[in-house]
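What the coordinates show
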Amino acid sequence: MARAAGGSHAIRTVFFFATICILLFSHNVLSFYLPGVAPEDFQKGDLLNVKVNKLTSIKTQLPYSYYSLPFCRPNTIVDSRENLGEVLRGDRIENSAYVFRMREPQLCNVVCRLTLDAKTAKEFKDKIEDEYRVNMILDNLPLVVPIPRSEQEGPPIYQLGFHVGLRGQYAGSKDEKYFLHNHLSFTVKYHKDELTDSARIVGFEVTPYSVKHEYDGEWNENTRLTTCDPHAKSIVVSSNSPQEVEDKQEVIFTYDIAYQESEVKWASRWDTYLLMNDDQIHWFSIVNSLMIVLFLSGMVAMIMLRTLYRDISKYNELETQEEAQEETGWKLVHADVFRPPSHSDLLCVYVGTGVQFLGMVLVTMAFAVLGFLSPSNRGGLMTAMLFLWVFMGLFAGYAAARLYKMFKGTEWKKIALRTAFLFPAVVFGIFFVLNALIWGQKSSGAVPFGTMFALVFLWFGISVPLVFVGSYVGFRKPATENPVKTNKIPRQIPEQPWYMNPIFSILIGGILPFGAVFIELFFILSSIWLNQFYYIFGFLFIVFVILLVTCAEITVVLCYFQLCSEDYLWWWRSYLTSGSSALYLFLYATFYFFTKLDITKPVSGALYFGYMLIASYAFFVLTGTIGFYACFIFTRLIYSSVKID
């Protein structure tokens, strides 16, 4: 009967997971995108849907909706349906007033004309001062500005989006003026199919200009510009006569479209976007870091194997009670090594949360390496991580309950509740404060009420129940038996040498794991805060595996030295040893802020440090759990390998 019940329970679990997966992936099936899948063919003259996205700035990190500035508007603004990740990123994708027809070049098209007042002029000046860029999308490709390389030949560097305007001075004047980019020269690159005469879009570039447009007579719909007239062969090729941003200034927005045939195939169109600016330094640094860490890991493994083999052989050769009494080292603390630690409930909660994180990161990495989370699927990475975090609550509850039962705990519901709420509550609290700051700036990065409700539902409606299910299953299983018995009276710990001081050894233990990732961390931070693409998930996966190995080995080594010093309080120290790498991560993020970023506004600085605090906290939970389990397995192995009289 018990076996039948267990079988039916397993079937229900599998069915439950299958249902979840179908619900999860069916929601985004239309927006799910693999590089090289679902291309769109355009015939000559077909209307192209040009969309506008948020305004972004690396100086403020606060995105704004495109139409928060008085740009030219279409008759009706249609908001595209964004996924959860896009909303959290601050994306606001809308239709535009630009009209493109496939392979039909246009010159000097007038979009609209407006007269600035004091308010709109100030809005433009503020955005130009903060170096905001306009982002647009055509056939799911982001708009880029090609910048030629100054020192070497090769393909240009692509900058995402074009600047709203620029600051400058007239010749012979010291007064700084603001100039608006009101003429856009677009280039649409396409790959043509010779058989069907259809074409696929493979590139979307722009060169912005600031031009003070002029015309004769009164303005009407048929007015011809004297500064940009294809009939008079007068086209815009420079910003020699720029459009100034001042009160009562008339601004005319215009654009050109050129179509350029390209040899690049549709499946490879993202390759140019993903080229790193300093790819040689990137690859060399990654390989160098991996080689150093692998070498250190090999040395650590060799020392540990030789030393442990000698110790175990020596202990097992002891025959008399007199010899056993004279023994020293880690075997002496066998009756105390599995004594439950102080605050064991909290340790169970943190270990469970770490398992949840580890599962989320591993599955996300696997999808990213396979190409499911390419940059073309905007917001896909963040959406996937959120959903995976929620569903990994099952494993968090299971791991926390198993450890809790080993510590002779009985109130599994209390542990499940704390596991479900401790980490998410801290993160949600910080996130809520940051969101209030963004809301105060009227930025599109502020999460709307509906999305906030969806996040709370994911937490309370799915994650919390799954944690309880996992805890229930984990607690029902038999408790893990320790390989040796624990005395009722704890052994006195002798005075430790200075280098075995807990704080010192914990801080030393975090250096090596951080060293495994800090070079890759530079590129990740650049992609987040400098608005660059990051798509080297293959190398990131290798670095992550090296991080796992390094966390495990450094914790095992320091745990071994600690036990040899007859200090058996290893539970929390094993967690904190590898977890201390999060401290170095936060310190590096602080260094990066002051050396690489040009953030001056207090709100933007608070956003940076708030989000990096969340990232460091998550890194602490992840690496701490890896170190804990490595030490847990290690101690069980060595104490089950020796004869205990």
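The name that an unreviewed UniProt entry assigns to the chain is Transmembrane 9 superfamily member, with the source organism given as Sesamum indicum.

In this section: unusual backbone geometry. The phi dihedral of Lys248 falls on the positive side, at around 70°, and the residue is not glycine. Along the chain, Lys248 falls in the loop between β14 (199-209) and β15 (250-261). Positive phi, normally seen in glycine, also occurs at Lys408, with a value near 70°. Within the secondary structure, Lys408 sits in the loop between α8 (393-406) and α9 (412-440).

Before going further, it helps to examine the nonpolar core. Phe357, Trp570, Trp571 and Phe628 are the most contacted members of the largest nonpolar core, which has 98 residues in total. Residue contributions to this core peak at 17 residues, all from helix α16 (residues 602-639). Two domains each donate at least three residues to this core, and these are domain 2 (342-477) and domain 3 (498-644). Apart from residues no more than four positions distant in its own chain, Phe628 is found in contact with Leu347, Val351, Leu403, Trp570, Trp571, Ser574 and Tyr575.

Looking now at the packing of helix α12 (residues 511-529) against α16. Between α12 and α16, the shortest axis-to-axis distance is 13 Å and the interhelical angle comes to 140°. It follows that α12 is oblique to α16 by the angle criterion. When you trace α12 past α16, the crossing you get is right-handed. Across from Val517, Leu525 and Trp529 in α12, the residues of α16 making contact are Leu607, Tyr608, Tyr611, Met612 and Phe619. Classifying every residue of the contact of α12 with α16 by side-chain character gives 8 nonpolar, no polar and no charged.

The rules behind each value
- One numbering rule holds for all chains: residues counted from 1, following each sequence as written.
- For a predicted model such as this one, the threshold for reporting local features is a pLDDT of at least 70, and the threshold for listing and counting side-chain atom pairs is 80 or more; totals across whole chains, interfaces and linings nevertheless cover every residue.
- To obtain the side-chain values, all non-hydrogen atoms of the structure were used and water was disregarded.
- Helix numbering and strand numbering both begin at the N terminus, where a helix is a DSSP run of H or I of at least 4 residues and a strand a DSSP run of E of at least 2.
- In this description, a nonpolar core means a group of buried Ala, Val, Leu, Ile, Met, Phe, Trp, Tyr and Cys residues linked to one another through side-chain atoms lying within 4.5 Å.
- Buried means the residue's accessible area, taken with a 1.4 Å probe over protein chains only, is under 20% of the maximum for its type, while exposed means over 50%, and partly exposed covers the values in between.
- As used throughout, domain bounds are those supplied by an automatic or database domain assignment.
- Note on contacts: a residue pair is in contact if any heavy atoms of the two residues lie within 4.5 Å.
- For helices, the fitted axis covers only the stretch in contact; all axes are lines through C-alpha atoms, and the angles between them, taken along N-to-C directions, range from 0 to 180 degrees.
- Angle categories are assigned with fixed cut-offs, so that under 35 degrees is roughly parallel, over 145 is roughly antiparallel, 65 to 115 is roughly perpendicular, and the rest are oblique.
- Helix crossings fall into two classes, left-handed where the near helix is turned counterclockwise from the far one by less than a right angle and right-handed where it is turned clockwise.
- Nonpolar residues are Ala, Val, Leu, Ile, Met, Phe, Trp, Tyr, Cys and Pro. Charged residues are Asp, Glu, Lys and Arg, and all others, Gly as well, are polar.

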